[in-house]
Amino acid sequence: MKKMIMAAAIAASFVAAPVFAQGYVGLGLGSSSVSGFDRNDGFVAFTGGNASKTSTKLLGGYQVTPNWGVEAQYTALGKRAITVTPVQNGANTNSSNASQFGIYGTGTYPINASFSLIGKLGVSANSIKLTDTLGGSDTSSATGLSFGLGASYQITPNVALRAEYENFGKLAKDSDVNNISVKGSNFSLNLLYSF
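What you see is a predicted model; the values in this text were computed from it and never measured. (Residues numbered from 1 in each chain as written. Predicted model: local features only at pLDDT ≥ 70, side-chain atom pairs only at ≥ 80, totals over all residues. Heavy atoms only, no water.)

> Where do I start with the layout of surface pockets in this structure?
Think of a ball as big as a water molecule: rolled over the atoms, this probe shows where empty space is left. Size it by volume and the largest pocket reaches roughly 420 Å³. Along its surface, the largest pocket is lined by 20 residues, and Gln22, Gln63, Thr108, Ser116 and Gln154 are the ones closest to its centre. When contributions to the lining of the largest pocket are tallied by element, the ones reaching two or more residues are strand E1 (22-35), strand E6 (90-110), strand E7 (115-131), strand E8 (137-154), strand E9 (159-170) and strand E10 (183-194). With three residues, the single largest contributor to the lining of the largest pocket is E6. Here the lining of the largest pocket is built from residues that sort into nine nonpolar, ten polar and one charged. (1 Å grid on protein atoms, 1.4 Å probe; cavity = no way out; pocket = protein on both sides within 12 Å on 5 of 7 lines; lining within 4 Å. Points joined across faces, edges and corners; volume = space filled by probe spheres on them. Helix = DSSP H or I, 4+ residues; strand = E, 2+ residues; numbered from the N terminus. Nonpolar A, V, L, I, M, F, W, Y, C, P; charged D, E, K, R; others polar.)

> Just checking my understanding: could you explain the pattern of salt bridges for this structure?
Side chains that carry opposite charge are capable of pairing whenever their charged atoms lie near each other. For the structure shown, the criterion picks out seven salt bridges. Note that Glu164 is salt-bridged to Lys120, the shortest N-O span being 3.4 Å. With Glu164 in strand E9 and Lys120 in strand E7, the pair connects residues that are 44 residues apart, well separated along the chain. Relative accessible area serves as the criterion here: at 2%, Glu164 is assigned to the buried category. Using a relative accessible area of 4% as the deciding quantity, one classes Lys120 as buried. Between Glu166 and Lys120 there is a salt bridge, and its shortest N-O distance comes to 2.8 Å. Within this pair, whereas Glu166 is found in strand E9, its partner Lys120 is found in strand E7, the two being separated by 46 residues in sequence. In this pair, the class of Glu166 matches that of Lys120, namely buried. Overlapping salt bridges bring together Lys57, Glu71, Lys120, Arg162, Glu164 and Glu166 as one network. (Salt bridge = Lys/Arg side-chain N within 4 Å of Asp/Glu carboxyl O. Buried < 20%, exposed > 50% of the residue type's maximum accessible area, 1.4 Å probe, protein only.)

> Sorry if this is basic, but what is going on with the pairing of E7 here?
The side chains of a regular strand alternate between both faces of the sheet. Sheet topology places E7 next to E8; 17 bridges connect them, and they run antiparallel. Looking at the pairing, Leu130 lines up with Asp138 of E8. The turn joining E7 and E8, which pair antiparallel and follow one another in sequence, is formed by five residues; a positive phi near 95° is taken by Gly135. (Pairing = 2+ DSSP bridges.)

> Could you clarify how one ought to interpret the side chain of Ser99 in this entry?
For Ser99, the location among the structural elements is in strand E6. Every residue in contact with Ser99, bar those within four places of it in the chain, is listed here: Tyr74, Thr75, Ala76, Leu77, Ala125, Asn126 and Ser127. (Contact = heavy atoms within 4.5 Å.)

> Would you explain a nonpolar patch on the surface in this entry?
A cluster of nonpolar side chains, Tyr109, Ile111, Phe115, Leu117, Tyr153, Ile155, Leu161, Leu189 and Leu191, forms an exposed patch at the surface whose accessible area comes to about 860 Å². At the level of elements, E7 and E10 are the ones that each hand at least two residues to the nonpolar patch. With respect to the helices and strands, the residue Phe115 is situated in strand E7. (Patch = residues over 30% accessible without salt bridge, like charges linked within 9 Å, V, L, I, M, F, W, Y side chains within 5 Å. Areas by Shrake-Rupley, 256 points an atom, 1.4 Å probe, with all protein chains shown as cover.)

> Is there a simple way to think about the side chain of Gln63 in this case?
Position of Gln63 among the secondary structure elements: in strand E4 (residues 53-63). In terms of polar contacts, Gln63 uses its side chain to reach the backbone carbonyl oxygen of Pro66, at 3.5 Å. (Polar contact = N/O pair within 3.5 Å; in protein donor to acceptor, adjacent residues only side chain to side chain.)

Laid out in structure tokens, this is it:
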């Protein structure tokens, strides 16, 4: 009898889950930060790589329960002008273009009917492309642990506004990008639509 009750309870939980479960998509706009790019080793100086830039984000997720879900996102972290000095004929201006793709598990803690705290933990595949003035380019990538913290405000039953900070870890391997450790993070405001 106990086994039948347990089996019925488990079956009921699977039947009940889709009643709440919902997907969502969203767009974000923010400000990305890069650290560790600028340096001066006494021979060559790199400047401008740590500048904050406008970021854009596309995301989608599935809220399995009111508290737990999964999410995937792509973030373009912006283009930065990098000045390298000295070179044979003076300063040389290059550029870097960084992006990331992440998959996360999400946790939601409702404060009330409108406000919730959000946390997420997952894996981010990061990439940074360096382009020089002659048109040559080199791309480096790094994959690692990523996390985010934020707050969400439910505007309507289907539309929410989320502010969040995300840390993507390393954007490039230590052996690439002139043997420096480049890390990236982002603060964004995101508009989400649930369906």
